[in-house]
Amino acid sequence: MKDEKTEDQILDAAEKVFQRKGMDGARMQEIANEAGINKAMLHYYYRSKRFLFEAVFSKAFSIIAPEINRVINEDIPLFEKIRKFTHRYIDFIQKHPYIPNFIIQELNRDTDFINALQSKKGFPDFRNFQAQVEQEVRDGKIRAIKAEQLFIHLLSLNIFPFLAAPLLKGFLKIDDKTYKDLMEDRKEEIVNIIINYIQIKE
């Protein structure tokens, strides 16, 4: 019988190793060592690194997806929603930096991956956000912009620095800690860029 405590221990250990080494660089023996179990026990719970990585991802996704869904459907002003989304997304990815690259890899590997994601509980529902943006445009509070375009801007500005982190660190000649501090500053940079772009100045 599989033990829930041991499984959580494995997932926590695997996440630490995946954060350090990435999917390709991680080794099952290293994960077993981190979890304090032998490799045979690890394979009993997860027979391949791919299954283990997907389990780690699912655990993390089950945390962030409902949170994103809550923010984009919350009954708050649009500008506040943009701020909350950005701050919570960056906070989450700072803790789980492997997720953006994993999603891109899986989308390239398996075109049905997004369908599997959409079937998960708490997958974000875009419709209320769309209705809110359309109403703000009609009320003359923001410039004429499609909700889809605004959402793409929001995701792109948040995701790209994590997808391109190694490249950006090289260009900017900065270490991991400095880059992490830069991402903290980026929260308000993103918010200001988007709000200044859509806001109608009086």
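Residues numbered from 1 in each chain as written. Predicted model: local features only at pLDDT ≥ 70, side-chain atom pairs only at ≥ 80, totals over all residues. Heavy atoms only, no water.

Quick look at the environment of Met41 now. In this structure, Met41 sits in helix α3 (residues 39–45). On the accessibility criterion, Met41 (34% relative accessible area) is partly exposed. Note: C-alpha distance between Met41 and Ile10 (31 residues apart in sequence) is 9.9 Å. (Helix = DSSP H or I, 4+ residues; strand = E, 2+ residues; numbered from the N terminus. Buried < 20%, exposed > 50% of the residue type's maximum accessible area, 1.4 Å probe, protein only.)

This part takes up helix α9 (residues 147–163). Taking 1.5 Å of rise per residue, 17 residues should cover 24 Å, and α9 covers 24 Å from first to last C-alpha, within 8% of that figure. Of all the bends found along α9, the most pronounced is centred on Ser156 and spans about 25°. Those residues of α9 that sit buried are Ala147, Leu150, Phe151, Leu154, Asn158, Pro161 and Phe162. (Expected span 1.5 Å × (residues − 1). Bend = angle between axes of the 7 residues up to and from the residue.)

Further remarks concern the UniProt feature "DNA-binding region" (unreviewed entry) in the protein. This chain's UniProt record puts "DNA-binding region" (unreviewed entry) on residues 27–46. Between the C-alpha atoms that bound residues 27–46 the distance is 13 Å, and the span itself is 75% helix and 0% strand. (UniProt positions renumbered as here; feature names shortened; annotations may be inferred.)

You will see that Lys173, though not glycine, has its phi angle at about 55°, which is positive. Summarising the element assignment, Lys173 is placed in the loop between α10 (165–172) and α11 (176–198). For Lys173, a relative accessible area of 74% gives the class exposed.

What follows concerns the pattern of salt bridges. Working definition: two side chains of opposite charge can pair if their charged atoms are close together. The tally for this structure, following the rule as stated, stands at 13 salt bridges. Taking the shortest distance from any N to any O, the salt bridge between Lys187 and Glu184 comes out at 3.1 Å. Of this pair, Lys187 and Glu184 are both found in helix α11, three residues apart, which corresponds to roughly one turn of the helix. (Salt bridge = Lys/Arg side-chain N within 4 Å of Asp/Glu carboxyl O.)

Attention shifts here to helix α1 (residues 4–25). For α1, with 22 residues, the first-to-last C-alpha span of 27 Å runs short of the 32 Å given by 1.5 Å per residue. When the local axis directions of α1 are compared, the greatest deviation, roughly 85°, occurs at Gln19. The opening residue of α1, the one whose side-chain oxygen lies 3.2 Å from the backbone nitrogen of Lys5, is Asp3. (Polar contact = N/O pair within 3.5 Å; in protein donor to acceptor, adjacent residues only side chain to side chain.)

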